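A closer look at the structure
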Amino acid sequence: MTTKKTAIVTGAGKRVGAEIAVRLAQLGYHTVLHCNTSIKEAENLAVLIRAEGGFASVYPCDLADEKAVTWMIPNIHKDQPNVTLLINNASIFEPSSFLTSTDESFDRHMNINFRAPYILMREFARVCPAGQIINILDTDIVRNATSHFTYLLSKKALAQLTTMAALELAPNIRVNGI
């Protein structure tokens, strides 16, 4: 099977990200499996995708490291110039209320769940003339649930970024939130 397009899936080592990556590989995408601490799981997933006739590579990156995140898309694009899809799936999910949240928790959630996707989207748009970005959101952002306050705040920010980027990057790059 020859692949004409490449998809980058953040947080692809486990759970939803792994399922997304497998499906994209079945659709003919070369899947770049981003991971941080789930390297072994991502490598096992890449082996599985290849065994089923697909294409997969693993790209470890700490999304809390701004410099590494800034270079992630250009580095992947250099190796895989047919990148057409970015799925921002990686996130952290820690319980907190407004009163029990800490500055550290706020920073962690904003850095992983909002800032990293912001940087990845910007760099994707800089190196890819056309394509699609999908940001994985959370249905609880419309309910204003507060049991995971800093998590949901970061996802609300990502939802607004999704809308703004969709307006600016259209029609060449479609930006959607799920």
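Up top is the structure these notes are about.
Residues numbered from 1 in each chain as written. Predicted model: local features only at pLDDT ≥ 70, side-chain atom pairs only at ≥ 80, totals over all residues. Heavy atoms only, no water.

Further remarks concern the sheet that holds strand 5 (residues 131–135). Read across the sheet, 6 strands follow the order 3-2-1-4-5-6 without closing on themselves; strand pairing throughout is parallel. Both outer strands of the open sheet, strand 3 (55–60) and strand 6 (173–177), are each paired with one neighbouring strand and no more. For this sheet, the mean angle separating the axes of adjacent strands, direction not counted, is 15°. Two strands pair when backbone bridges link them, and strand 4 (residues 83–88) and strand 5 are joined in this way by 4 bridges, in the parallel orientation. By the bridge assignment, Ile87 is partnered in strand 5 with Ile134. (Pairing = 2+ DSSP bridges. Helix = DSSP H or I, 4+ residues; strand = E, 2+ residues; numbered from the N terminus. Axes fitted to C-alpha atoms, helices over the stretch in contact; angles between N-to-C directions.)

Residues Ile8, Leu63, Leu86 and Phe124 are the most contacted members of the largest nonpolar core, which totals 30 residues. Going through the elements one at a time, helix 3 (66–79), strand 4, helix 4 (103–127), helix 5 (149–169) and strand 6 are the ones with two or more residues in this core. Once residues within four sequence positions are removed from consideration, Leu86 is found in contact with Ile8, Ile73, Leu120, Met121, Phe124, Gln132, Ile133 and Ile134. By size, the runner-up hydrophobic cluster in this structure holds 21 residues, among which are Val9, Ala12, Leu24 and Leu45. (Core = buried A, V, L, I, M, F, W, Y, C linked by side-chain atoms within 4.5 Å. Buried < 20%, exposed > 50% of the residue type's maximum accessible area, 1.4 Å probe, protein only. Contact = heavy atoms within 4.5 Å.)

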